[in-house]
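Working through the structure, step by step
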Amino acid sequence: MERLTRFYNVLYLLFLLALQIACSSSQLCSEDQYLPLLQFKNSFSKSRMASSACDESHGTVSYRKTSTWKRGTDCCSWNGSPDGGSDRPGPQLQQILPNNSLFSLHHLKKLNLAYNDVNMSWISSEFGMLTKLTHLNLSSSVFDGKIPSEISYLLGLVSLDVSYNYRLSIEPPSLISIVGNLTVSRELVLDSVNMSSVPPSSFTNLSSSLTLLGLGSCGLQGDFPGEVFQLPYLEKLRATTDSVCELKSLKTLPLSRCKFTGPIPLCFGNLTQITSLDFSINSFDREIPPSFSKLETLILLDISSNTFSVQIPESFSNFHQLIHLNLVSNNFTGQIPNIFGNLTQISYLDLSLNRLTGSIPSQVIGLSNLTSFSMSANKFDGTIPSWLFNHPSLVHLDLSSNMLTGSIGEFCSKSYDFISLGDNKLSGSIPSSIFERENLTELHLYSNNLSGSLDLDLFAKLKQWQLQALSFCTMTKFPKFLRAAENMIELHLSENNIQGPIPEWAMKMCKDSLQVLNLGHNSLTHIEKIPWRKLDLLNLQSNLLQGHLPVPPPSTTFFSVANNQLTGKIQIADL
């Protein structure tokens with residue numbers, strides 16, 4: 001019982017045995033109907049602790065759910081039956097199936113054993129004897145083994161739910177039989193059933209009446225059949241690990257993390273009412289189907305983390321209503337086509353981690369609603385266009401890890417809270433206006449050829465900064481403006497030429513907020529005892545440090561003082 005309690009500590013402990021029994025309200029149900037029910041009731045144990053958990057949430061004495069099940073009374077009026085009971089949570093069922101009394105109920109139409117514990121029993125092939133079943137729910141009940149092919153005998157099943165039995169699997173022949181025979185099904189819910197050995201082509205003969213298909217966290221691999229998305233009444237599809245797809249005439253389609261491979265099904269172009277399409281983190285490859293040009297109602301398109309190795313198609317210019325476009329981490333090549341002139345509604349645009357070349361497209365200047373613009377880790381060259389420093393709505397700007405040259409212009413817009421220009425070939429001085437952005441929380445300028453003095457008093461407003469990266473900037477001393485950054489949690493000043501001791505204000509940061517301090521590869525000569533209370537990472541390697549250094553507490557995960565001139569015994573810092 002303790003095992004059951006632990007297993008269901010985040011679930012309502014339900015016993016929902018809703019039985020549709022062929023009987024009339026004018027007479028008592030027959031003996032061959034109520035006797036198996038009484039035998040079934042007497043065969044399981046229930047936990048009052050489990051019932052109490054349900055009671056606390058629902059205000060009902062749920063362990064008495066079956067107290068109305070008595071010989072000589074009309075079983076149609078019992079709790080759990082269609083006429084006399086509600087589907088409120090009741091006592092948890094603990095039983096090892098099969099149970100012969102259950103399979104004697106040949107007139108049974110609806111059976112709901114969800115959220116119980118059948119003690120890792122296999123799903124009995126005798127379920128195939130209940131041929132009048134229209135609804136069968138065995139979800140979240142700790143079934144083990146394989147789904148039997150005999151389920152396919154239940155030709156009248158409208159709803160089948162065997163989801164979230166994490167030890168349950170299905171073999172291709174059984175799935176093909178079930179899919180092929182359940183021709184009137186409207187709901188087929190198989191989430192978390194192990195289908196690693198099942199080819200997705202097994203779903204090509206699904207019932208045309210299907211409105212709900214649950215395939216989340218099933219381990220499906222391979223080319224998914226496009227026929228599934230042409231089912232005329234499909235409204236809900238679950239095919240991700242943790243997402244529920246709320247569809248109405250396929251307006252939203254999340255297929256993230258499904259291990260799909262091969263080309264995108266051509267039928268996607270027929271989903272002309274779709275507004276959100278997400279098949280990120282798969283292995284779709286080759287080209288984007290030309291039929292994509294028909295998806296003019298798209299608001300969100302996320303095809304990130306796949307393996308497309310073509311140019312961005314010009315058909316994207318048809319997405320006039322698009323607000324969110326994510327093409328991150330593919331192999332898109334070449335220059336960006338002239339598509340952004342038509343995407344006037346877009347606010348989120350991320351083209352990072354591809355192989356795009358050329359200059360930053362000038363068309364972006366016309367996107368007045370743009371708030372997030374990322375093109376990092378490509379091969380863009382040329383200079384940063386001046387309009388990027390003046391864009392009125394941009395909040396997030398990431399152009400890092402490209403081959404951009406020239407200087408950083410003066411920032412006129414005050415909307416930015418994130419700026420990353422690191423790992424380019426930028427030169428010249430760091431403009432003072434960049435530090436007057438009152439909302440700025442992160443700034444990355446590492447790995448450039450920037451120079452000049454930052455020891456100005458213009459930066460007293462930098463109260464919100466959380467991360468600062470000024471590595472590879474050829475600085476010779478700590479920038480004084482950092483003193484006012486009260487909320488900073490990371491400071492990266494590596495690969496400069498900062499000389500002298502670490503200033504006292506930097507030590508105060510270590511005590512108040514700083515969690516990461518990277519000062520490696522500088523010319524620091526002296527360090528006082530550091531208050532390590534919150535510091536998680538300290539990199540002081542490759543400096544000119546001398547003397548003794550205190551040791552961080554066990555909570556520090558990274559600590560390096562390699563390549564210095566430290567001597568003497570290591571001393572432990574006071575906390």
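In case you missed it, the structure is sitting above this.
Remember, it's a predicted structure, so these values are computed and weren't measured experimentally.

**Looking at the overall build of the chain**
Along the backbone of the chain there are 5 helices and 36 strands. Across the 575 residues in the chain, those meeting the buried criterion constitute 53%. Considering only residue pairs separated by 6 or more positions, the chain has 51% of its internal contacts joining residues 24 or more positions apart. For the chain, the accessible surface area stands at approximately 25,100 Å², while carbon and sulfur atoms represent 49% of it.

**Points about the side chain of Ser169**
Along the polypeptide, Ser169 turns up in strand β5 (residues 167–169). Look at Ser169 and you get buried, because its relative accessible area is 15%. In this view, Ser169 contacts Gly145, Lys146, Ile147, Val193 and Asn194; residues no more than four positions away in its chain are not counted.

**Regarding helix α4 (residues 172–181)**
Listed as buried for α4 are Pro172, Ser174, Leu175, Ile178 and Val179. An end-on view of α4 places all buried positions within 160° of arc, on one side of the element. Tucked into the core, α4 has its buried residues touching β4 (159–161).

**Some details on the packing of aromatic side chains**
The way to describe two aromatic rings as a pair is by their centre distance and the angle between their planes. Taken as a whole and assessed by the stated rule, the structure comprises 7 aromatic pairs. Here Phe279 and Phe284 contribute two aromatic rings whose centre-to-centre distance is 5.1 Å and whose plane-to-plane angle is 80°, an arrangement assigned as edge-to-face. Aromatic side chains Phe308 and Phe332 sit 5.8 Å apart centroid to centroid with 20° between the ring planes, which places their arrangement in the stacked category. Note that Phe308 is positioned in the loop between β14 (300–302) and β15 (324–326) and Phe332 in the loop between β15 and β16 (333–334), a separation of 24 residues in sequence. Each residue in the set Phe389, Phe411 and Tyr416 is aromatic and connected to the rest through ring pairs, giving one cluster.

**Some thoughts on the side chain of Asn354**
Along the polypeptide, Asn354 turns up in the loop between β17 (348–350) and β18 (355–358). From its side chain, Asn354 meets the backbone oxygen of Leu327 in a polar contact 3.0 Å long. The contact partners of Asn354, leaving out residues within four places of it in the chain, are Leu327, Val328, Ser329, Asn330, Asn331, Phe332, Ala377 and Asn378.

**Some points on the pattern of salt bridges**
All chains considered together, the criterion is met by 2 salt bridges. One salt bridge connects Asp144 with Arg167, and the closest N-O pair in it is separated by 3.3 Å. Of this pair, Asp144 sits in strand β3 (residues 144–146) while Arg167 sits in strand β5, placing them 23 residues apart in sequence. Accessibility expressed as a relative area gives 16% for Asp144, which makes it buried. The salt bridge involving Asp285 is made with Arg286; its shortest N-O contact spans 3.5 Å. What makes Asp285 partly exposed here is its relative accessible area of 23%. With relative accessibility at 52%, the residue Arg286 sits in the exposed group.

**Some details on the sheet that holds β16**
Strand order in the open sheet formed by 3 strands is β16-β18-β20, and the pairing between neighbours is parallel. Strands at the two margins of the open sheet, each flanked by one partner only, are β16 and β20 (379–380). Where β16 and β18 come together, 2 bridges link them in parallel fashion. Bridging from a neighbouring strand, Gly334 pairs with Leu356 of β18.

Criteria and thresholds
- Residues numbered from 1 in each chain as written.
- Predicted model: local features only at pLDDT ≥ 70, side-chain atom pairs only at ≥ 80, totals over all residues.
- Heavy atoms only, no water.
- Helix = DSSP H or I, 4+ residues; strand = E, 2+ residues; numbered from the N terminus.
- Buried < 20%, exposed > 50% of the residue type's maximum accessible area, 1.4 Å probe, protein only.
- Contact = heavy atoms within 4.5 Å.
- Areas by Shrake-Rupley, 256 points an atom, 1.4 Å probe, with all protein chains shown as cover.
- Arc of directions from axis to C-beta.
- Phe/Tyr/Trp six-rings, centres within 6.5 Å; stacked < 30°, edge-to-face > 60°.
- Polar contact = N/O pair within 3.5 Å; in protein donor to acceptor, adjacent residues only side chain to side chain.
- Salt bridge = Lys/Arg side-chain N within 4 Å of Asp/Glu carboxyl O.
- Pairing = 2+ DSSP bridges.

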